[in-house]
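Report on the structure
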Amino acid sequence: MFDKKQKSYTDLLGKTNRIVEGTTIKGDIISHADFRLDGNLIGNFQSGGKIVIGPAGSVIGDIVCKNADIEGKFDGKIQVTEVLNVKSKASIHGEVTTGKLSVEPGADFSASCTMKTNIKNLIQNDGQQSQQKKSE
């Protein structure tokens, strides 16, 4: 009667992972759920969900995700399959590939930007090419 069933993967999708201010992670993060970063990441991030980089957050590395809201600092290569929102206090340097882009006035957007309507195929092809290069 009171047995707790383990939550399924789909139930967990509503949850958001969080790295708080004052925390620094060196390494790669792979997450299926949404992610909020108010600390620092030195490495790569990959998610099937959304990443939010808060005003105190920073990433030095590559990001591959479905949606992104950036209010902090980012330096690297970012691939967003759907919408990238760049807030007014954000600072972005590097390469951006996205389906849709929204940049608020005041943002520091010093990046090359490529708009792709079908970016999901591009990301999958990049991954396959990387795998082929590793096997050679």
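In what follows, the accompanying structure is described. (Residues numbered from 1 in each chain as written. Predicted model: local features only at pLDDT ≥ 70, side-chain atom pairs only at ≥ 80, totals over all residues. Heavy atoms only, no water.)

Where nonpolar side chains cluster on the molecular surface, the patch consists of Leu 101, Val 103 and Met 115 and spans about 230 Å² of accessible area. Among the structural elements, Val 103 can be located in strand S11 (residues 91-103). (Patch = residues over 30% accessible without salt bridge, like charges linked within 9 Å, V, L, I, M, F, W, Y side chains within 5 Å. Areas by Shrake-Rupley, 256 points an atom, 1.4 Å probe, with all protein chains shown as cover. Salt bridge = Lys/Arg side-chain N within 4 Å of Asp/Glu carboxyl O. Helix = DSSP H or I, 4+ residues; strand = E, 2+ residues; numbered from the N terminus.)

Ile 63, Ile 70, Ile 78 and Leu 84 are the most contacted members of the largest nonpolar core, which totals 21 residues. If one sorts the elements of this core by residue count, strand S10 (residues 73-86) sits on top with 5 residues. Not counting chain neighbours up to four residues away, the residues in contact with Leu 84 comprise Ala 68, Ile 70, Ile 78, Val 96, Thr 98, Lys 100, Leu 101 and Ser 102. (Core = buried A, V, L, I, M, F, W, Y, C linked by side-chain atoms within 4.5 Å. Buried < 20%, exposed > 50% of the residue type's maximum accessible area, 1.4 Å probe, protein only. Contact = heavy atoms within 4.5 Å.)

A few words now on the environment of Gly 99. Take Gly 99: it is sitting in strand S11. Distance in space between the C-alpha atoms of Gly 99 and Glu 82 is 4.8 Å, their sequence separation being 17 residues. Once residues lying within four places of it in the same chain are set aside, the contact partners of Gly 99 are Val 80, Thr 81, Glu 82, Met 115 and Lys 116.

As for its placement among the helices and strands, Asp 75 is situated in strand S10. Look at Asp 75 and you get partly exposed, because its relative accessible area is 43%. Residues Asp 75 and Ala 111, 36 residues apart in the sequence, show an inter-C-alpha distance of 9.1 Å. Not counting chain neighbours up to four residues away, the residues in contact with Asp 75 comprise Val 59, Ile 60, Gly 61 and His 93.

Okay, the pattern of salt bridges next. One pass over the structure, following the stated rule, counts 5 salt bridges. Measuring nitrogen to oxygen at the nearest pair gives 3.0 Å for the salt bridge that ties Arg 36 to Asp 38. Overall, Arg 36 belongs to the partly exposed group, its relative accessible area being 26%. Between Asp 69 and Lys 50 there is a salt bridge whose closest N-O contact spans 3.1 Å. You can see Asp 69 sitting in strand S9 (residues 67-70) and its partner Lys 50 sitting in strand S7 (residues 50-53), a full 19 residues away along the chain. Judged by relative accessible area, Asp 69 falls into the buried class, the value being 12%. A network of salt bridges, in which partner residues are shared, links Arg 18, Arg 36 and Asp 38.

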